[in-house]
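Below, each chain spelled out in residue letters.
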Amino acid sequence: MSERIIVVDFGGQYNQLIARRVRECHVYSEIVPYTKAMEAIREKRPKGIIFTGGPNSAYLPDSPAISEDVFHLGIPVLGICYGAQLMMHLLGGHVCPAPEREYGKTLVTVDTNSKMFQGVSEQTVCWMSHNDYIQAPAPGFTVSAHTGNCPVAAAEWPDRGLYCLQFHPEVLHTAEGTKMLSNFVYNVCGCTGDWRMESFVESSVRKLREKVGTGKVLCALSGGVDSSVAAVLLAKAVGKQLTCVFVDHGLLRKNEGDEVAAVFGPNGPYDLNFVRVNAQQRFYDKLAGVDDPERKRKIIGEEFIRVFEEEAKKIGAVDFLVQGTIYPDVVESGLGGESTVIKSHHNVGGLPDYVDFKEIIEPLRDLFKDEVRAAGRELGIPEKLVSRQPFPGPGLAVRIIGAVTPEKVKLVQEADAIYREEVEKAGAQKNLGQYFAALTNMRSVGVMGDERTYDYAIALRAVLTTDFMTAESAQLPWEVLSTVTSRIVNEVPHINRVLYDCTGKPPATIEFE
Ligand code: XMP
């Protein structure tokens with residue numbers, strides 16, 4: 001059995017990232033829920049254990065916990081954020097609400113003599129996200145890092161192999177986080193790093209062929225990166241047993257429907273069965289007057305499935321539905337257990353309880369966006385499509401705050417097209433993770449041609465991110481913003497104000513709803 005690290009899930013948002021970073025160090029890693037952790041650890045004898053973060057307070061009686069036996073197995077344990085607080089709490093330290101919450105990038109001073117911080121700069125930027133803090137470490141531990149507000153940013157008991165980090169080494173905003181995790185895996189746990197990932201495409205094609213057999217498959221294709229990669233992967237695995245259904249729900253970006261049809265339709269480079277369903281009115285009717293974001297998402301998710309079921313009936317005897325769900329969609333829709341629902345991504349939490357397919361296949365479910373793009377390149381999908389910015393399943397409905405109307409869709413489509421055109425003309429899109437226009441529900445007073453106006457505000461957003469779990473607002477050149485603003489207010493009727501969103505994620509999300 002190859003060396004492995006077990007990641008014990010206490011409900012944090014970044015759990016899969018921890019496992020991914022460990023795998024990037026060439027050590028196999030898997031996540032187990034905290035309720036099953038002791039069993040899994042005893043059975044699998046890992047070289048190390050990592051406790052994840054989580055939304056609870058370690059000192060409350062009903063919070064997720066683990067038996068103290070875990071510290072007596074002779075296996076090194078690293079606690080991260082909630083995991084760190086839990087370790088301290090269980091071993092007699094003092095954890096309580098922090099007088100100053102720490103959120104975001106924070107300068108941390110570390111003890112570079114610690115095995116955890118070998119090769120790390122003494123002052124290093126780390127990603128903090130906590131309401132509680134470790135006021136005093138447990139007896140036997142020494143403090144190995146601190147910040148201005150946090151006396152115990154890291155603590156350790158090297159002889160027992162116990163380490164705690166209050167910050168998140170797994171997110172890329174922690175500048176030297178990967179180094180720290182690699183230190184834990186190699187210096188503390190003594191791993192040799194002999195594990196290599198099988199090519200994702202190779203292994204998926206093999207597994208998909210096994211699963212599908214001679215069955216028929218329907219793929220929900222939106223033209224976005226995720227569903228395109230899922231579709232081409234399935235096409236490679238099962239060829240013409242696959243039919244791709246593209247639903248134009250009337251919530252797409254300007255001209256997008258025709259662009260998708262041009263790539264995947266009969267005149268495009270792929271040999272797919274492709275069906276385009278024009279279902280705009282049907283979605284507008286269902287969404288009429290609905291302004292609650294979660295309800296909008298659920299309605300769109302459900303309607304999607306209904307459309308697919310109808311198409312499946314037309315094709316006949318379809319067993320499987322393929323979706324391009326990726327890992328962040330799963331996390332934010334709630335992982336089950338301790339995780340909190342941030343929003344129901346339409347291809348996961350938005351699904352109705354009853355779905356009329358034998359099985360839903362989500363081949364990209366464990367991947368992050370950059371891994372999906374890498375898989376797309378491995379599949380030979382053109383770079384233009386692979387590097388496309390993401391577009392959410394519920395489309396412009398989550399970029400129109402409040403109730404959706406066809407008129408509002410048109411406004412946001414036009415404003416967004418202008419924004420994208422100008423950003424691309426200026427070459428400013430290169431480092432951006434995502435950039436788009438959203439229609440706020442705010443109307444305000446303006447003046448145009450000596451006339452009073454009372455019209456809507458468009459919000460522009462541009463973010464820097466690689467994994468879409470955290471993001472920073474991008475500083476677009478002012479000339480670009482001012483050209484976009486003047487074009488939008490001049491060319492799009494009923495918009496008299498343009499705002500720029502400077503918020504990161506957290507505390508905002510990337511989309512507005
Ligand atoms: P948020 O807004 O949650 O977005 O910070 C993170 C990333 O996910 C995309 N997103 C979605 N993708 N279905 C999708 O396929 C959805 O329901 C959905 N909601 C958000 C969003 O565009 C961003 O890239």
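Residues numbered from 1 in each chain as written. Predicted model: local features only at pLDDT ≥ 70, side-chain atom pairs only at ≥ 80, totals over all residues. Heavy atoms only, no water.

## So, the overall build of the protein chain
In step 1: What the protein chain contains, in helices and strands, is 14 helices and 18 strands.
In step 2: Here the C-alpha atoms of the protein chain give a radius of gyration of 25 Å, agreeing with the 24 Å that 2.2 N^0.38 yields for 513 residues.
In step 3: For the protein chain, the spread of C-alpha atoms along the principal axes amounts to about 70 × 65 × 40 Å.
In step 4: Counting across all 513 residues of the protein chain, residues that qualify as buried make up 59%.
In step 5: Across the protein chain, every contact between residues at least 6 apart in sequence was considered, and the portion connecting residues at least 24 apart equals 73%. (Helix = DSSP H or I, 4+ residues; strand = E, 2+ residues; numbered from the N terminus. Rg over C-alpha atoms; globule rule 2.2 N^0.38 Å. Buried < 20%, exposed > 50% of the residue type's maximum accessible area, 1.4 Å probe, protein only. Contact = heavy atoms within 4.5 Å.)

## What about the pairing of strand 4 (residues 77–80)?
In step 1: Alternating residues of strand 4 divide into V77 and G79 and L78 and I80, and every residue in both groups is buried.
In step 2: As defined by bridge partners, strand 3 (residues 48–51) adjoins strand 4 across three bridges and the pair is classed as parallel. Bridge assignment links I49 to a residue of strand 4, and that residue is V77.
In step 3: As paired elements, strand 4 and strand 9 (residues 162–165) share four bridges and run parallel to each other. Pairing of I80 across the sheet is with L165, part of strand 9. (Pairing = 2+ DSSP bridges.)

## A short note on the side chain of T465
In step 1: By the secondary structure assignment, T465 is in the loop between strand 16 (451–464) and strand 17 (472–473).
In step 2: Once residues within four sequence positions are removed from consideration, T465 is found in contact with G433, T470, A471 and I510.

## With respect to the environment of V22
In step 1: Tracing the backbone shows V22 in helix 1 (residues 15–24).
In step 2: Taking the relative accessible area as the measure of exposure, V22 reaches 0% and is therefore buried.
In step 3: Expressed as a C-alpha distance, the spacing of V22 and P507, which sit 485 residues apart in the sequence, is 27 Å.
In step 4: In contact with V22, other than residues within four places in its own chain, are I5, V27, S29, I50 and V185.

## Digging into the sheet that holds strand 12 (residues 273–278)
Across a sheet, paired strands are connected by hydrogen bonds in the backbone, their directions being either parallel or antiparallel.
In step 1: The sheet built from five strands is open, its strands ordered 12-11-10-13-14 with parallel pairing. Edge strands, defined here as strands with exactly one partner in the open sheet, are strand 12 and strand 14 (359–361). Direction aside, the axes of adjacent strands within the sheet are offset by 30° on average.
In step 2: Relative to strand 13 (residues 318–322), strand 10 (residues 216–220) runs parallel, the two sharing four bridges. Bridging from a neighbouring strand, K216 pairs with V318 of strand 13. (Axes fitted to C-alpha atoms, helices over the stretch in contact; angles between N-to-C directions.)

## A word on the packing of helix 6 (residues 225–238) against helix 11 (residues 369–378)
The description of two helices packed together rests on the angle between their axes and the distance between the axes.
In step 1: Remark: helix 6 packs on helix 11, axes separated minimally by 10 Å, with the N-to-C direction vectors making an angle of 40°. For the element pair helix 6 / helix 11, the angle class is oblique. Helix 11 is crossed by helix 6, and the crossing has left-handed handedness. For the pair helix 6 and helix 11, the contacting residues are V225, D226 and V229 in the first and K369, V372, R373, A375 and G376 in the second.
In step 2: Within the contact of helix 6 with helix 11, the residues separate by chemical class into four nonpolar, one polar and three charged. (Parallel < 35°, antiparallel > 145°, perpendicular 65-115°, else oblique. Left-handed = near helix turned anticlockwise from the far one by under 90°. Nonpolar A, V, L, I, M, F, W, Y, C, P; charged D, E, K, R; others polar.)

## A look at the environment of K410
In step 1: In this structure, K410 sits in helix 13 (residues 406–425).
In step 2: In the structure, K410 is positioned 156 residues away from K254 in sequence and 8.3 Å away in space, judged by C-alpha atoms.

## Observations regarding the side chain of S444
In step 1: Mapped onto the elements, S444 comes out in strand 15 (residues 434–448).
In step 2: For S444, a relative accessible area of 12% corresponds to the buried category.
In step 3: Leaving out residues up to four positions away in the same chain, S444 has contacts with T453, Y454, D455, N496 and R497.

## Notes on the domain arrangement of the protein chain
In step 1: The domains assigned to the protein chain are domain 1 (5–188), domain 2 (197–386) and domain 3 (399–500).
In step 2: A C-alpha centroid distance of 27 Å is found between domain 2 and domain 3.
In step 3: Counting from both sides, the interface comprises 17 residues of domain 2 and, opposite them, 16 residues of domain 3.
In step 4: On the domain 2 side of the interface with domain 3, the three residues burying the most area are R253, K254 and Y284, jointly 36% of the side's total.
In step 5: At the junction of domain 2 and domain 3, the tally comes to one salt bridge. (Domains from an automatic or database assignment. Buried area = accessible area lost by both parts, 1.4 Å probe. Salt bridge = Lys/Arg side-chain N within 4 Å of Asp/Glu carboxyl O.)

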